[in-house]
Amino acid sequence: MASGYGLQGGPSRCFPFWQELLACYVVNTSAEDDSGKKKCAPMLEDYYECLHHKKEAARIRALQTAYRKAEASSARENAPSAGQIRNLGLLDKEEDTKQVLGG
């Protein structure tokens, strides 16, 4: 943790997670025995997620992949051809433009 201060001078967005992790370490470890750190693994994971957003990014990638896959598998009924799209807005191609735009 760098300074513990956020951009507007207050506590940083991950400071509560840091406090929770630190409290867990204080309660579960001592100078002689570090075996209690294993109990703090979920808090450490939450703190790292707050800092790096790796789980959130993985979830977003999975959702985007599923969405793109669903879009690719369902063909549009009245999809314009590539030639019709190329002709949009050109002179003497008004009928193609009307057909594609549904007008």
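A short tour of the structure in this document, coming up. (Residues numbered from 1 in each chain as written. Predicted model: local features only at pLDDT ≥ 70, side-chain atom pairs only at ≥ 80, totals over all residues. Heavy atoms only, no water.)

### Some details on the overall build of the protein chain
Applied cut-off: Numbering of helices and strands starts at the N terminus; helices are DSSP runs of H or I of at least 4 residues and strands are runs of E of at least 2. Note on classification: 1.4 Å probe, protein chains only; a residue is buried when its accessible area is under 20% of the maximum for its type, exposed when over 50%, partly exposed between these limits. Contacts are residue-level and defined by heavy atoms, with any inter-residue pair within 4.5 Å sufficient.
Per the secondary structure count, the protein chain includes five helices and zero strands. Expressed as a percentage of its 103 residues, the buried residues of the protein chain come to 14%. If you take every contact in the protein chain between residues at least 6 apart in sequence, the share linking residues at least 24 apart comes to 24%.

### Regarding the state of the cysteines
Our working rule: For this text, the term disulfide refers to a pair of cysteine sulfurs within 2.5 Å.
Applying the stated criterion to the full structure yields two disulfides. Here Cys 24 engages in a disulfide with Cys 40; their sulfurs sit 2.1 Å apart. The sign of the S-S torsion, about -95 degrees, decides the handedness of the disulfide formed by Cys 24 and Cys 40: left-handed. Placement of Cys 24 in helix α1 (residues 15-28) and of Cys 40 in the loop between α1 and α2 (41-52) is noted, with a sequence separation of 16 residues between them. In this structure Cys 40 comes out as buried when scored by relative accessible area, which is 0%. Should the bonded cysteines of the protein chain be numbered as they appear in the sequence, the pairing reads 1-4, 2-3.

### Concerning the environment of Asn 28
Following the sequence through the fold, Asn 28 ends up in helix α1. The class for Asn 28 is partly exposed, based on a relative accessible area of 25%. Asn 28 sits 12 residues away from Cys 40 along the chain, and the two C-alpha atoms are 8.0 Å apart. In this view, Asn 28 contacts Gly 36, Lys 39 and Cys 40; residues no more than four positions away in its chain are not counted.

### Focus on a nonpolar patch on the surface
Where we set the bar: In this analysis, a patch consists of residues with relative accessible area above 30% that form no salt bridge, clustered at 9 Å for like charges and at 5 Å for the nonpolar side chains Val, Leu, Ile, Met, Phe, Trp and Tyr. Each accessible area value is a Shrake-Rupley result obtained with a 1.4 Å probe; residue values ignore everything except the protein chains displayed when judging cover. Basic side-chain nitrogens of Lys or Arg form a salt bridge, by our definition, when they fall within 4 Å of a carboxyl oxygen of Asp or Glu.
Residues Leu 22, Val 26 and Val 27 make up a contiguous nonpolar surface patch of about 300 Å² in total accessible area. Classification of Leu 22 as partly exposed rests on a relative accessible area of 42%.

### With respect to the nonpolar core
The condition that has to hold: Nonpolar core, defined: a set of buried Ala, Val, Leu, Ile, Met, Phe, Trp, Tyr and Cys residues in which side-chain atoms within 4.5 Å join the residues together.
Ranked by size, the top nonpolar core spans seven residues in total: Cys 14, Leu 21, Cys 24, Cys 40, Met 43, Tyr 47 and Cys 50. When contributions to this core are tallied by element, the ones reaching two or more residues are α1 and α2. No other element matches the three residues that α2 contributes to this core. With residues near it in sequence (within four places) discarded, Cys 24 still touches Lys 39, Cys 40 and Met 43.

### Re the packing of α1 against α2
As a reminder of what qualifies: Where helices are involved, their axes are fitted lines through C-alpha atoms of the stretch in contact, as for all axes, and angles between N-to-C directions lie from 0 to 180°. Here the angle decides the label: under 35 degrees means roughly parallel, over 145 means roughly antiparallel, 65 to 115 means roughly perpendicular, and every other value means oblique. Here a crossing is taken to be left-handed if its near helix is turned anticlockwise relative to the far helix by less than a right angle, and right-handed if that turn runs clockwise. Lys, Arg, Asp and Glu make up the charged group, whereas Ala, Val, Leu, Ile, Met, Phe, Trp, Tyr, Cys and Pro make up the nonpolar group; the residues left over, Gly among them, are polar.
Here α1 crosses α2 at 155 degrees, and the two axes come no closer than 9 Å. Comparing the axis directions of α1 and α2 gives the class roughly antiparallel. In this structure, α1 meets α2 at a crossing whose hand is left-handed. The segment α1 lies against α2, with Phe 17, Trp 18, Glu 20, Leu 21, Cys 24 and Tyr 25 engaging Met 43, Leu 44, Asp 46, Tyr 47 and Cys 50. By residue class, the composition of the contact of α1 with α2 is nine nonpolar, no polar and two charged.

The quantities given are spatial measurements derived from coordinates; they are silent on function.
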